[in-house]
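Chains, contacts and geometry: an overview
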Amino acid sequence: MQPDRWALYRHMLRSRLFERAVQQLWDAGDVSGEMHLGTGEEAIIAGVVRHLIDGDAMALDHRGTSALLMRGVDPVALLREILGRPDGLCRGMGGHMHLFSPDHLAASSGIVGSGGPAVVGFALAARRLRPGTLAVTFFGEGAINQGMLLEALNLAVVWELPAFFVCKDNGWAITSKSPSLTGGTLVERARGFGMPAVEIDGTDVETVWSVAREAVARAREGGGPTFLHARCVHLEGHFLDDPLLAALRRPLRELSEIGVPLTRSLIQPRGAPIRKRLRGLQSILGTLLSSYRDASRHSEQDPLMRARERLTAEPDRLEALERDVTAELEEIVETALLPTEATESHPRMAGEGA
Amino acid sequence: MRTMTFADAIDDALAHAMAADPRIIILGEDVPLLRRNLVARLGKDRFLGTPISESAFLGGGVTAAMAGLRPVVEIMLIDFIGVAADALLNHAAKVNAFSGGAWNVPLVVRATCGGGYGDGGQHEQSLWGWLAHIPGLTVVVPSTPADAGGLMLAAVEHDHPVIYLEHKLLSAPWLEMLGGADRESVSFDVPSSGARGPVPDSWSPVPVGRAISRREGDDLTIVSVGVGVHRSLEAASQLEEKGISAGVLDLRTVSPIDEEVLYEAVSRTHALLAVDEDYQGFGLSGELAALVLEAGIPARYARVCTETTIAYARRLEDETLPNVERIVTAARQLMEE
């Protein structure tokens, strides 16, 4: 069975444009706090979410916007939530890290690794209440060293749960290179728990789609959980204004901000001998440089472009699709930004069990 | 006197302590880069970057401390302590008691806390009351650069576990990283005298458990910690214009509370207003009332705290966290009673 390339590309493009709009609103100061975009992981999300049906559940991380959009959550409500409006998906209480849609059985968390226990519970409820449905969780490779996620892998196996663990691996846990902090390989770990595990290129949506199809079918038929290790990129790093990306994009400004205090520390009296200090300095520069050399930091790995290349043989159809999605997104943003009565009367949450 | 930012004061005091005591090490997520200025001075082998495995590296910090090191374990946000609570609740806090006083845990847990920049209810909690509830844990919350450095020095010299909480509104690098404060399009209500201020020319510890009066007042004693101290000071100036003389006491240490200074101040004013960014129920604000009652000091009492889950929406968030307006209103009501 072949995937519908056009539908996959449409979902990915829609998500990308939505998140680009979020980025602009964040830059403009209309969105507060941290902003973790999922730009670069759309192929993984699309390749998995396209297989989900009503009754399936999703345990999402702090990068859940894309999955909710593709799952069919109202984009205007979603954008309004990210804007912190009372007419947002969660009445402005959650924000982008804490998005909830009970209708889609979708719950997010900003606590890394918490998707593990969450998918176990969702899968347990799926098996008992909605036979034939399953639960999926998306998490970054940084989460794979969090105890609760490892405990959840085991629980999913021993309870033979209809669960699908999807690891989106961009190789970086904020400023740390993940392999330097992770023993063994992820698929070996998952197999060690007795779970089938596959490692794939997560920037190729069709590969993700095919592998996910098998995993989802196995879960629906009572065949137990699957682990997917999908490699990807984060085009905007860990979050907007990622310190490592900032150092690459605005080297003069950022490096002087980093360099001046560094040099001052280097020459402070009392402390380690100079040889040790220089080795310390070397390791800091090494981190900055390895970020620069890392191909995953560059946009050639953009999954959206890879999906698009397969469609260029039909330029008219492609153009029509892109025009259509762009127009839809413009309308979503315009509508989301319209003032409503509710904007003026944000209900206080006190006494509502919040 | 020198002038320093809150964040630089912590690092400077730490560098001072680490240069003198090779047992001090720092571990936590991203610390090789976050603490790069210390790495450049002290060498990289005393800075251990960790995976996102709080229960393992905080639990490990406890026994590393028992076995002779003086670890400063960084938990990026105190909200994340939930993942590793067992290490504090059942181990760090218990070893001294269980060993009949024979074994100490000289551990420092350094974490950011607090809100006011729109990150939502899973990243902006204070939780000092929650932690202080556990016997065996010392909890400190500095509100100025001088105290930030002095309390860090006291924490690393302390022979028992200390939770050191660094408010993100006072600590510019964190506010930049988590609040995107680099954007010209956003601004935050940062208390300027907390974010930058005078520090001593050479560091000496600010003793644990010692409060300080930030403002004298005859009618009312406002007691707070962290950013709440600055909000209270601003409220006290406004109250003065309305004819109310309010003193502001900065506890600096949540546990143990400086009871002597508290009793002295409340005995004079007979009115206590607790301003606490932590949750209202079962916490610091109630503890202050209980202490004053137990001491038999007749006093009127009110509190301004965080009552619910902290909202993501900026306006709701500002209403949820203690703000100057709420403090002024509560103080005036208390005075009218």
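Residues numbered from 1 in each chain as written. Chains lettered and ligands numbered in written order. Predicted model: local features only at pLDDT ≥ 70, side-chain atom pairs only at ≥ 80, totals over all residues.

**Considering the overall build of chain B**
Scanning chain B from N- to C-terminus turns up 15 helices and 14 strands. Over its C-alpha atoms chain B spans a radius of gyration of 19 Å, differing by no more than 12% from the 20 Å that the globule rule assigns to 337 residues. The proportion of buried residues among the 337 residues of chain B is 63%. Long-range pairs, those at least 24 residues apart, make up 76% of the contacts in chain B with a sequence separation of at least 6. (Helix = DSSP H or I, 4+ residues; strand = E, 2+ residues; numbered from the N terminus. Rg over C-alpha atoms; globule rule 2.2 N^0.38 Å. Buried ≥ 20, exposed ≤ 12 C-beta atoms within 10 Å, placed from the backbone. Contact = placed C-beta atoms within 7 Å.)

**Looking at the overall build of chain A**
Helix and strand content of chain A: 14 helices and nine strands. Since a compact globule built from 354 residues should have a radius of gyration of about 20 Å, the 22 Å found for chain A is in line with a globular shape. Its C-alpha atoms give chain A principal-axis dimensions of roughly 70 × 60 × 55 Å. The buried share of chain A, reckoned over its 354 residues, is 49%. In chain A, the proportion of contacts linking residues at least 24 apart, taken out of those at least 6 apart, comes to 73%.

**Section: the domain arrangement of chain A**
Under the domain assignment used here, chain A contains domain 1 (5–235 + 302–340) and domain 2 (243–294). For domain 1 of chain A versus domain 2 of chain A, the distance between C-alpha centres works out to 35 Å. (Domains from an automatic or database assignment.)

**Some details on the confidence of the model for chain B**
When the pLDDT values of chain B are averaged, the result is 97; 100% of them are 70 or greater. ipTM for the predicted complex: 0.94, alongside a pTM of 0.94. (pLDDT = per-residue confidence, 0-100.)

**Quick word on the sheet that holds strand β4 (residues 70–77) of chain B**
Residue and element names in this part refer to chain B. Taking strand neighbours across the sheet as the criterion, the seven strands line up as β3-β2-β4-β5-β7-β6-β12 in an open arrangement whose pairing is mixed. Sheet topology places β3 (47–49) and β12 (253–255) at the edges, where each strand pairs with a single neighbour. The mean inter-strand angle of the sheet, taken between neighbouring strand axes irrespective of direction, is 20°. Pairing analysis gives five bridges linking β4 to strand β5 (residues 108–113), with the strands arranged parallel. Looking at β5, one finds that V72 is bridged to V108. In the packing of helix α4 (residues 54–66) onto the sheet, the strands contacted are β2 (24–28), β4 and β5, and the crossing angle to β4 comes to about 160°. Helix-sheet contacts for helix α8 (residues 145–157) involve β2, β4, β5, β6 (138–140) and β7 (162–167), and the interaxial angle to β7 is about 160°. (Pairing = 2+ DSSP bridges. Axes fitted to C-alpha atoms, helices over the stretch in contact; angles between N-to-C directions.)

**Some thoughts on the interface of chain B and chain A**
One frequently used descriptor of interface size is the decrease in accessible area upon assembly of the parts. Facing 47 residues of chain B, the contacting portion of chain A comprises 54 residues. Elements with a contribution of two residues or more to the side of chain B that touches chain A: α1 (6–20), α2 (31–34), α3 (36–42), α4, α9 (172–179) and α14 (314–320) of chain B. The element contributing the most residues to the side of chain B that touches chain A is α3 of chain B, with seven residues. The residue makeup of the side of chain B that touches chain A, split by class, is 21 nonpolar, 14 polar and 12 charged. (Nonpolar A, V, L, I, M, F, W, Y, C, P; charged D, E, K, R; others polar.)

**Focus: unusual backbone geometry**
Here S255 of chain B and P256 of chain B are connected by a cis peptide whose omega angle stands at 0°. Tracing the chain through its elements places P256 of chain B in the loop between β12 and α12 (259–269). The backbone phi angle of R91 of chain A is positive, close to 60°, even though this residue is not glycine. Unusually for a residue other than glycine, E160 of chain A sits at a positive phi of about 50°. Within the secondary structure, E160 of chain A is located in the loop between α6 (147–158) and β5 (163–169).

**Topic: helix α15 (residues 324–336) of chain B**
Each α-helix winds once per 3.6 residues, and so residues spaced three or four apart point in a common direction. All names here are of chain B. When the terminal C-alpha atoms of α15 are compared, their 18 Å separation across 13 residues agrees well with the 18 Å that a helix rising 1.5 Å per residue should span. The set of residues buried in α15 consists of I327, V328, A331 and L334. The arc that holds the buried residues of α15, viewed along the axis, is 130°, so those residues lie on one side. In α15, the exposed positions that point more than 90 degrees away from the buried face belong to Q333 and E336. Where α15 is buried, its residues meet β10 (220–224), α11 (227–241), β11 (246–250), β13 (271–279) and β14 (300–306). (Expected span 1.5 Å × (residues − 1). Arc of directions from axis to C-beta.)

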